[in-house]
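Architecture at a glance
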Amino acid sequence: MATRMIDRNGHRWGAGISAVVLYAGLIFDARWVAPLICAVLGVGVLFGLRYSPLGATYRFVKRTFKLDIPMVPEEETPPRFAQLMGFTFLLVATIGFYSIDSAALGWTLTMLVAALQTLLGATGICVGCEIYLVGKRLSARSAA
Amino acid sequence: MIPRVLVAIGVLAICGAFSIWWRRREGRMVEAHGAFDRRDLGIGFRDKPCATVVEFYGEGCAPCVTVEQRLDKIAETVCDLRVIKLDAGDRLDLADRYNVRRVPTIFVTDPDLHILWRASGVPSEEAIINALLGPEWAGRPNPVESRAAERG
């Protein structure tokens, strides 16, 4: 089966946008940013990063302003796993905010996701992708 | 609001410190010891390339592709350089033996496959070339210069 490729720039752009939204949410005490970004990441996790709304904004900006940024192809699976991590943390943060009324839990996990997204957006360091590759090696070891 | 702004600044500062630390160790060539077995790398006993670069890569690893492109480019410049790519997932035995904890990891060896340098992450082209042309080359023809002489 052919490996699905994505544009690494779109992935980084999406991470940058979501980080800005999450920081703004913290500063203005807008708890709804956690379920919002959780849902946005969930779309990419469920249907593939090609359908990610954040990736769509990148393609829209690139097309609108006719930016000549070459595509940097990247295999989809590790970034998708990274988004799954972000989705899970924000899901627990949402439960913290709205079910058990724990702002500390909610904001801690939201800021963890914001930090990971900042690293990816600003420097290209994808911690989730690194964890995916380590996990893959460990699973190959246990299967051997 | 001010405490919240301070928390956001704190998170950004931690991200900045982490990225500086990461960038400093990422792709840095460090001296290493040991030797590869020719049979493990599929190199014949009569084969003696100027130098060998062994790369451990992983499936789905984007930085590995960048390293491969750099190594292929360097191999065009440095004569008789052999680049051997090993899937760390398939060759767990070798990954364990050479203490490969993450991909990509590259090893630079001398003609006798003694390991001289290793790097995890994406080393710059310059770092790889410097490792290839380091003091270990004393007494051997400089591959880049001999290629230039051939052209000249």
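Residues numbered from 1 in each chain as written. Chains lettered and ligands numbered in written order. Predicted model: local features only at pLDDT ≥ 70, side-chain atom pairs only at ≥ 80, totals over all residues.

**Regarding the overall build of chain B**
Rules: Strands are runs of DSSP state E lasting at least 2 residues, helices are runs of H or I lasting at least 4, and numbering of each runs from the N terminus. Exposure is read from a count of other C-beta atoms within 10 Å of each residue's own; the residue is exposed at 12 or fewer, buried at 20 or more and partly exposed in between. C-beta atoms are placed from the backbone.
Summing up its helical and strand segments, chain B has six helices and five strands in all. Mapped in sequence order, the helices and strands of chain B form the string α-β-α-β-α-β-α-β-β-α-α. Taking all 152 residues of chain B together, 28% fall into the buried category.

**A short note on the sheet that holds strand β2 (residues 51-57) of chain B**
Residue and element names in this part refer to chain B. Note the cut-off: For two strands to pair, DSSP has to find at least two bridges joining them.
The strand order across the open sheet formed by five strands is β1-β5-β4-β2-β3, and the pairing between neighbours is mixed. One side of each edge strand has no neighbouring strand; the edge strands of this open sheet are β1 (30-31) and β3 (81-87). As defined by bridge partners, β1 adjoins strand β5 (residues 115-120) across two bridges and the pair is classed as antiparallel. Note on β5: the bridge partner recorded for Glu31 is Trp117.

**With respect to the pairing of strand β4 (residues 105-109) of chain B**
All names here are of chain B. Extensive coverage of β4 is indicated by the burial of five of its five residues. What you see with β4 is no split at all: Thr105, Phe107 and Thr109 on one side and Ile106 and Val108 on the other are buried throughout. Inspection of the sheet shows β2 paired to β4 by five bridges, in the antiparallel sense. Paired with Glu55 across the two strands is Ile106, which belongs to β4. Judged from the five bridges that link them, β4 and β5 form a sheet pairing that is antiparallel. Along β5, the bridge assignment pairs Val108 with Trp117.

**Some details on the confidence of the model for chain B**
All names here are of chain B. Keep this limit in mind: One number per residue, pLDDT, summarises how confident the predictor is, and it ranges from 0 to 100.
Across chain B, the average pLDDT comes to 83, with 87% of residues at 70 or higher. Taking the mean pLDDT of every element in chain B, the minimum, 53, falls on helix α6 (residues 143-151) and the maximum, 93, on helix α1 (residues 2-25). Across the predicted assembly, pTM comes out at 0.82 and ipTM at 0.87.

**Here's the deal with the environment of Gly58(B)**
Threshold: What counts as a contact is two residues whose backbone-derived C-beta atoms lie within 7 Å of each other.
Looking at where Gly58(B) falls in the secondary structure, it is placed in the loop between β2 and α3 (62-77). Residue Gly58(B) is classed as buried on the basis of its C-beta count, with 24 C-beta atoms lying within 10 Å. Each C-alpha atom of the pair Gly58(B) and Val103(B) lies 6.0 Å from the other, and the pair is 45 residues apart in sequence. Each residue touching Gly58(B), except ones within four places of it in the same chain, is listed here: Leu133(A), Lys136(A), Arg137(A), Cys64(B), Ala88(B), Gly89(B) and Val103(B).

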